[in-house]
Number of protein chains: 2
Amino acid sequence: MAGGPREAQGPFVLWLTGLSGSGKSTIADRIYTRLKEKGIKAERLDGDEIRAVFPDTGFDRAGRMAHIARVGYLASVLERNGICTIVSLISPYREARDEVRQRCDRFIEVHVSTPLEVCEERDVKGLYAKSRRGEIIGFTGIDDPYEEPVEPELHIDTSRLTVADAEAAVMNHIASYL
Amino acid sequence: MAGGPREAQGPFVLWLTGLSGSGKSTIADRIYTRLKEKGIKAERLDGDEIRAVFPDTGFDRAGRMAHIARVGYLASVLERNGICTIVSLISPYREARDEVRQRCDRFIEVHVSTPLEVCEERDVKGLYAKSRRGEIIGFTGIDDPYEEPVEPELHIDTSRLTVADAEAAVMNHIASYL
């Protein structure tokens, strides 16, 4: 499991964590498409999609912890069935991500580390503006913590890399598993 | 989807619903083993195991509804990834089971219809006795409803069939999908 020796090849859980607007979903979509093109069994799990299935999940710490655990459990079941699973989820708490790591066989944590200022300037969904106006409370990076990974397998800062370069960096990292 | 024409072959969700002690898990284990022996990709989802991952799930109607939806979502994701998924879950509410049916491509509902008296006499986990003594409230079949399936794909009454015969009946039913 975590820290132990890994088998060279096999399915994995590619876990993209980072702030809203950091570029997680864009990268996840590209990697998923690339894997499918190669004929590899792959599944794409997106935090928002899964929240839609379980609308009662809150955004307080307990709600977020449960949400991360739920997505992690699903990812681990897919992994043990031979499916490369790509998760894009803010997943702001270190403890929750580490629990998922323990549950998975090959957990590849990608910190999409695009700086807050850049994410906020992009503000694709308008959520940072709402948060600054106080219309959303507990927004990650503004008034709720984002706990950076200590030793992620990969850092991707999309303010410094093009999407194509980010994709190449991830594909390069996972090449040994394929 | 439900009611529509099905493709002849492909992965499915085999959903065993019934009272506690009706024999769901026993049948599910046997079917899972048989599929694996045949080299078929299969996964076994058990309600109790998944509750252990999400310990905050309650046993009131909302909690049970959420639990059934969660297991159903997981089953549907596995199914769309080519994995025959076998679920054993009391899943007492018709509405919740029908929602799962809509979500899945090939949903095979098996009503493990062993009568309450027989389940209670077995009382493998001692839960019926606790319920009768009032130590558990909201126990399915005693003081919480079990809504029988209207048109399940299969009925299995383990008070009338041996385990081997129950297994054979299910295997016979799913043979066309394999």
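Everything here concerns the structure above.
Treat the numbers as computed from the prediction; the structure is a model and nothing was measured. (Residues numbered from 1 in each chain as written. Chains lettered and ligands numbered in written order. Predicted model: local features only at pLDDT ≥ 70, side-chain atom pairs only at ≥ 80, totals over all residues.)

## A few points about the overall build of chain A
Note the cut-off: Numbering goes from the N terminus for both helices and strands, where a helix is a DSSP run of H or I of at least four residues and a strand is a run of E of at least two. For a compact globule the rule gives 2.2 Å times the number of residues to the power 0.38, and the radius of gyration it is set against comes from C-alpha atoms.
Of the regular secondary structure elements, chain A holds seven helices and five strands. Shown N-terminal to C-terminal, the secondary structure of chain A runs as helices and strands in the order β-α-β-α-α-β-α-β-α-α-β-α. For a compact globule of 178 residues, the expected C-alpha radius of gyration is about 16 Å, and chain A comes in at 16 Å, within 12% of that figure. Projecting the C-alpha coordinates of chain A onto the three principal axes gives extents of approximately 50 × 35 × 30 Å.

## Some thoughts on the pairing of strand E1 (residues 13-18) of chain A
Residues and elements named next belong to chain A. Keep this limit in mind: Three classes are used. A residue is buried when 20 or more other C-beta atoms lie within 10 Å of its own, exposed when 12 or fewer do, and partly exposed in between, with C-beta atoms placed from the backbone. Strands pair, by our definition, only if DSSP identifies at least two bridges between them.
Burial runs high along E1: six of the six residues are buried. Because side chains alternate across E1, one face comprises the buried residues Val13, Trp15 and Thr17, and the other comprises Leu14, Leu16 and Gly18, equally buried. Note: E1 against strand E3 (residues 84-88), four bridges, orientation parallel. Across the sheet, Val13 pairs through a bridge with Thr85, a residue of E3. One ladder, built from six bridges, connects E1 with strand E4 (residues 107-112); its direction is parallel. Within E4, the residue paired with Leu16 across the bridge is Val110.

## Some points on the interface of chain B and chain A
Heads up, the rule is: Whether two residues are in contact depends on their C-beta atoms, placed from the backbone: they are in contact if these lie within 7 Å. Residues are sorted three ways: Asp, Glu, Lys and Arg are charged, Ala, Val, Leu, Ile, Met, Phe, Trp, Tyr, Cys and Pro are nonpolar, and all the rest, Gly among them, are polar.
Contact with chain B, which involves 14 residues of that partner, is made by 14 residues of chain A. Considering each element in turn, the side of chain B that touches chain A owes the most residues, seven residues, to helix H3 (residues 61-80) of chain B. Partitioning the side of chain B that touches chain A into residue classes produces nine nonpolar, one polar and four charged.

## Some words on the sheet that holds strand E1 (residues 13-18) of chain B
All names here are of chain B. The condition that has to hold: Helix axes use the C-alpha atoms of the stretch in contact, all axes being lines fitted to C-alpha atoms, and the angles between their N-to-C directions lie in the range 0 to 180 degrees.
The parallel open sheet is built from five strands, whose spatial order is E2-E3-E1-E4-E5. This sheet does not close on itself; its edge strands, each paired only once, are strand E2 (42-46) and strand E5 (154-156). Here the average twist between neighbouring strands, direction ignored, is 20°.

## Side note on the packing of H3(B) against helix H4 (residues 94-103) of chain B
All names here are of chain B. Our working rule: Working definition: roughly parallel below 35 degrees, roughly antiparallel above 145 degrees, roughly perpendicular at 65 to 115 degrees, and oblique for all remaining angles. By convention, the crossing between two helices is left-handed when the near helix turns anticlockwise from the far helix through less than a right angle, and right-handed when the turn is clockwise.
Where H3 meets H4, the closest approach of the two axes is 9 Å, and the angle between their N-to-C directions is 20°. One element, H3, and the other, H4, form an angle in the roughly parallel class. When you trace H3 past H4, the crossing you get is right-handed. Of the residues in H4, those in contact with Met65, Ile68, Ala69, Gly72, Tyr73 and Ser76 of H3 are Ala96, Arg97, Glu99, Val100 and Arg103. Classifying every residue of the contact of H3 with H4 by side-chain character gives six nonpolar, two polar and three charged.

## Regarding the sheet that holds E3(A)
Residue and element names in this part refer to chain A. Strand order across the open sheet formed by five strands is E2-E3-E1-E4-E5, with parallel pairing between neighbours. Across the chains shown, the open sheet's two edge strands, defined by having one partner strand only, are strand E2 (42-46) and strand E5 (154-156). The mean angle between the axes of side-by-side strands here comes to 20°, regardless of whether they run parallel or antiparallel. Contacting E1, E4 and E5, helix H7 (residues 163-174) runs over the sheet at an angle of about 170° to E5.

## Some words on the relation of the copies chain B and chain A
In plain terms, the rule: To line up the copies, we fit them by least squares on C-alpha atoms, keeping just the residues with pLDDT of at least 70 in both.
Superposing chain B onto chain A takes a rotation of 180° plus a shift of 0.0 Å along the axis, which leaves an RMSD of 0.0 Å. Here the transformation between the copies is reduced to the relation of a two-fold axis.

## Quick look at helix H7 (residues 163-174) of chain B
All names here are of chain B. Selection rule: Take the residue count of a helix, subtract one, and multiply by 1.5 Å to get its expected span. This arc corresponds to the set of directions leading from the helix axis out to the C-beta atoms.
Between its first and last C-alpha atoms H7 spans 17 Å; for 12 residues at 1.5 Å apiece the expected length is 16 Å, and the two agree. Among the residues making up H7, those that are buried are Ala166, Val170 and Ile174. Along the axis of H7, the buried residues cluster in a sector spanning 65°; they form a single face. Exposed and facing more than 90 degrees away from the buried side of H7 are Ala164, Asp165 and Asn172. Where H7 is buried, its residues meet E1, helix H1 (24-37), strand E4 (107-112) and E5.

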